[in-house]
Amino acid sequence: MKIILLKDVKGVGKVNQILDVKDGYAANYLIPNRLAVKYTDRSIEVLSEQKKNEELKIKELTAKAQEKAKLLENIT
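If you're wondering where the values come from, they're calculated on a predicted model, not measured in any experiment.

Reading the values: the criteria
- Residues numbered from 1 in each chain as written.
- Predicted model: local features only at pLDDT ≥ 70, side-chain atom pairs only at ≥ 80, totals over all residues.
- Heavy atoms only, no water.
- Pairing = 2+ DSSP bridges.
- Helix = DSSP H or I, 4+ residues; strand = E, 2+ residues; numbered from the N terminus.
- Axes fitted to C-alpha atoms, helices over the stretch in contact; angles between N-to-C directions.
- Contact = heavy atoms within 4.5 Å.

Here we take up the sheet that holds strand 3 (residues 36-38). Taking strand neighbours across the sheet as the criterion, the three strands line up as 2-1-3 in an open arrangement whose pairing is antiparallel. With partners counted over all chains shown, the strands left at the sheet margins are strand 2 (18-20) and strand 3, one partner each. If you compare each strand with its neighbour and ignore which way they point, the axes differ by 35° on average. Summarising the sheet, strand 1 (residues 2-5) and strand 3 pair through three bridges and their orientation is antiparallel. Each residue of the ladder has a partner; that of isoleucine 3, found in strand 3, is lysine 38. This element, helix 2 (residues 41-74), spans strand 1, strand 2 and strand 3 of the sheet and lies at about 20° to strand 1.

Nothing here speaks to function; it is geometry throughout.
Encoded structure:
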């Protein structure tokens, strides 16, 4: 079964990684424990949307940090 990991799983993979695991492992452990979701068209859309949001947050935080750095440079 193809899955997308929602969290890091030791010995399996990292967040947002698309993997092919055994059906029983996915159905009985990963999915019920909210460690993964099934690989579907909708889950791919959600994953790409989350990645875009994360990139925007990183850009915003970087811009704020640069502004604060400029303010701190002027303070002696």
